[in-house]
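Single-letter residue listing:
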Amino acid sequence: MRELLADGLEIFDRHSGWIIWNLFLAFIPLVLSFWLFRRRSISRTWFWWIIYVIFIAFLPNAPYLLTDIVHLIRAIRGRYSVWIITLIFIPLHTFAILSGLEAYVVSLINQNHYLRKQGAKQYIFLSEILTHLLCAIGVFMGRFRRFNSWDLVTQPDVVFVKTLDDLTTKKPLLVIFITFLAITISYSLMKQVTFGLMLQFRRIYLGLDELDPEEILKR
């Protein structure tokens, strides 16, 4: 057992040492979304816009975890022990991917809440689509061009030129489009799951015997 655990830790460090860092980056926009969109009194000052730009810059880090499944595939192809793959890698990568996706979903739910509060409910769907598209571009630039969110500040000219070049080339555009579809579908599914869990928790909190979504949301 000790040998198995030792091998598991060594393999984890080789293939999955990125998880903690990537999850940290994914949760930055989640935390910022609560400050930006969920406070009782929100004034769009210059400081608010700066935080919003940072929020947008870091947001692709959340769905980016969807692409980290490549590390799991590499680990499986490494012909490691089936116990290490089953008990360590699959649960670990599944947790990371779902956590990143949930951080993305809740961030957008908070943004939608703000738009609804501002009387701009009709723009929610459009804002979601635009956000998915921007994140798809960001995920592509991070996965294939190896840019980071802070490169927008440290080398904005390089990021801009490279992004513009990719957006006018067929192969990168195809990959971005596929990434956009993956993010959109994953978001739609996870959003329904998240709302379902929120309704259940609120029902329990309010002590309602039957689940009536409209009544629960009113309360």
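Residues numbered from 1 in each chain as written. Predicted model: local features only at pLDDT ≥ 70, side-chain atom pairs only at ≥ 80, totals over all residues. Heavy atoms only, no water.

- In the annotation of an unreviewed UniProt entry, the entry for the protein reads DUF1361 domain-containing protein, and the organism field reads Planktothrix serta PCC 8927.

**Focus: the UniProt feature "transmembrane region" (unreviewed entry) in the protein**
- In the numbering adopted here, UniProt assigns the feature "transmembrane region" (unreviewed entry) to residues 18-37, 46-65, 80-101, 122-142 and 172-190.
- Spanning residues 18-37, this segment combines 95% helix with 0% strand, and its end C-alpha atoms are found 29 Å apart.
- Helix makes up 100% of residues 172-190 and strand 0%, and the two end C-alpha atoms of the span are 26 Å apart. (UniProt positions renumbered as here; feature names shortened; annotations may be inferred. Helix = DSSP H or I, 4+ residues; strand = E, 2+ residues; numbered from the N terminus.)

**Section: unusual backbone geometry**
- Backbone geometry places Arg146, a non-glycine residue, at a positive phi of 60°.
- By secondary structure assignment, the location of Arg146 is in the loop between helix H7 (124-143) and helix H8 (151-154).

**What about the environment of Thr86?**
- By secondary structure assignment, the location of Thr86 is in helix H6 (residues 82-117).
- Classification of Thr86 as partly exposed rests on a relative accessible area of 40%.
- Distance from Thr86 to Ile76, taken between C-alpha atoms, is 9.7 Å for residues ten residues apart in sequence. (Buried < 20%, exposed > 50% of the residue type's maximum accessible area, 1.4 Å probe, protein only.)

**Observations regarding the confidence of the model for the protein**
- A residue-level look at the protein finds 86% of positions with pLDDT of 70 or above and a mean pLDDT of 84.
- Per-element mean pLDDT across the protein ranges from 46 in helix H11 (residues 213-218) up to 95 in helix H3 (residues 46-58).
- The low-confidence segment residues 213-219 (pLDDT under 50) makes eleven contacts with residues lying over four places distant or belonging to another chain. (pLDDT = per-residue confidence, 0-100. Contact = heavy atoms within 4.5 Å.)

**Focus: the packing of aromatic side chains**
- Applying the stated rule across the entire model yields 15 aromatic pairs.
- Geometrically, the ring pair formed by Phe37 and Trp48 is edge-to-face, given 6.4 Å between the ring centres and 75° between the ring planes. One end of the pair, Phe37, is in helix H2 (residues 19-37); the other, Trp48, is in helix H3, and eleven residues separate them in sequence.
- The exposure class of Phe37 is buried, given its relative accessible area of 2%.
- Measuring from centroid to centroid gives 5.9 Å for Tyr104 and Tyr187, while their planes differ by 75°, and the two rings are edge-to-face. Pair noted here: Tyr104 is in helix H6 and Tyr187 is in helix H10 (residues 170-206), with a separation of 83 residues, a long-range link. Note on accessibility: Tyr104 and Tyr187 belong to one class, buried.
- What links up through ring pairs into an aromatic cluster is the set Phe37, Trp48, Trp49, Tyr52, Phe55 and Tyr114.
- Positioned above the aromatic ring of Trp35 is the side chain of Arg39, whose terminal nitrogen or guanidinium carbon lies 3.9 Å from the ring centre. (Phe/Tyr/Trp six-rings, centres within 6.5 Å; stacked < 30°, edge-to-face > 60°. Lys NZ or Arg CZ within 6 Å of the ring centre and 35° of its normal.)

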